[in-house]
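# Topology and contacts: notes
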Amino acid sequence: MKLLPEGFFRPVEYAARTTYRRPPGFYRRLQSAAPVFSALGLTPNYVVRLEVPGRRTGVIRSSFMVLVASGGQRYLVALAGESEWVRNVRAAHGHVVLRDDRQRYAARLTEVPVSERAEVIRAYIHRPSPRGRPMVRTGEARHYFGIEPDATPAQIAAVATNYPVFRVDRVRWSPPADSRPGEVA
């Protein structure tokens, strides 16, 4: 009996401790369809589109991400560990553009130290449903992080080193002082 590919009807086992986890083909194809869902307003309000220059080519790469709130701050969690978007954000020194269903804005992503990631990962697992109701994401806790949803802070801290977390800070952009609209340098 042939099993279905990982990520289609079977959960993705990201909990394996490796440095880089390439997403399954189904998820990669879903990323290309996500802009259509977003344009139609079919994505939850906590989903944002991350735009960051590629570290080798400079071509803008985009990924849809879950924005999680914890302690009055907003964060992005790298479920696949040292993924391509994480490497690109580091190469861009955290300068990115985020787009939600209403606006597009510049942001600075600051990597959170490993010792502070457990609280954010816990908030990710316990984030509200798209309708704002309390919800525990048992499948995500097990398959992405390899922990139970009611894991202790110590158990979450034990796996936190494998999952980069970035704090999101909005950046106000203004043109350089020596440039004026309509002038060509």
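Our structure is the block above this text.
Figured I'd write up the structure that's included with this text. (Residues numbered from 1 in each chain as written. Predicted model: local features only at pLDDT ≥ 70, side-chain atom pairs only at ≥ 80, totals over all residues. Heavy atoms only, no water.)

## Examining unusual backbone geometry
The backbone phi angle of His93 is positive, close to 55 degrees, even though this residue is not glycine. Within the secondary structure, His93 is located in the loop between helix 2 (84–91) and strand 4 (95–99). Given the relative accessible area of 58%, His93 is considered exposed. (Helix = DSSP H or I, 4+ residues; strand = E, 2+ residues; numbered from the N terminus. Buried < 20%, exposed > 50% of the residue type's maximum accessible area, 1.4 Å probe, protein only.)

## Some points on the nonpolar core
Most often, soluble globular proteins have nonpolar side chains that are buried together. Counting residues in each nonpolar core, the largest one holds 25 residues, and the members touching the most others are Val68, Val77, Ile121, Tyr124, Phe145, Ile147 and Val165. With six residues, helix 3 (residues 117–125) is the single largest residue contributor to this core. Not counting residues up to four positions away in its chain, the partners in contact with Val68 are Gln73, Arg74, Tyr75, Val77, Val120, Ala123, Tyr124 and Arg127. In terms of nonpolar packing, the next biggest core, distinct from the first, is built from 18 residues, Leu76, Ala78, Val86 and Val168 among them. (Core = buried A, V, L, I, M, F, W, Y, C linked by side-chain atoms within 4.5 Å. Contact = heavy atoms within 4.5 Å.)

## Looking at the packing of helix 3 against helix 5 (residues 153–160)
Running from N to C, helix 3 and helix 5 cross one another at 105 degrees; their axes reach a closest spacing of 8 Å. The angle between helix 3 and helix 5 falls in the class roughly perpendicular. Residues Arg117, Ala118, Ile121 and Arg122 of helix 3 form the contact with helix 5, whose own contacting residues are Pro153, Ile156, Ala157 and Ala160. Split into classes, the residues belonging to the contact of helix 3 with helix 5 amount to six nonpolar, no polar and two charged. (Axes fitted to C-alpha atoms, helices over the stretch in contact; angles between N-to-C directions. Parallel < 35°, antiparallel > 145°, perpendicular 65-115°, else oblique. Nonpolar A, V, L, I, M, F, W, Y, C, P; charged D, E, K, R; others polar.)

Purely geometric numbers; function is a separate question.
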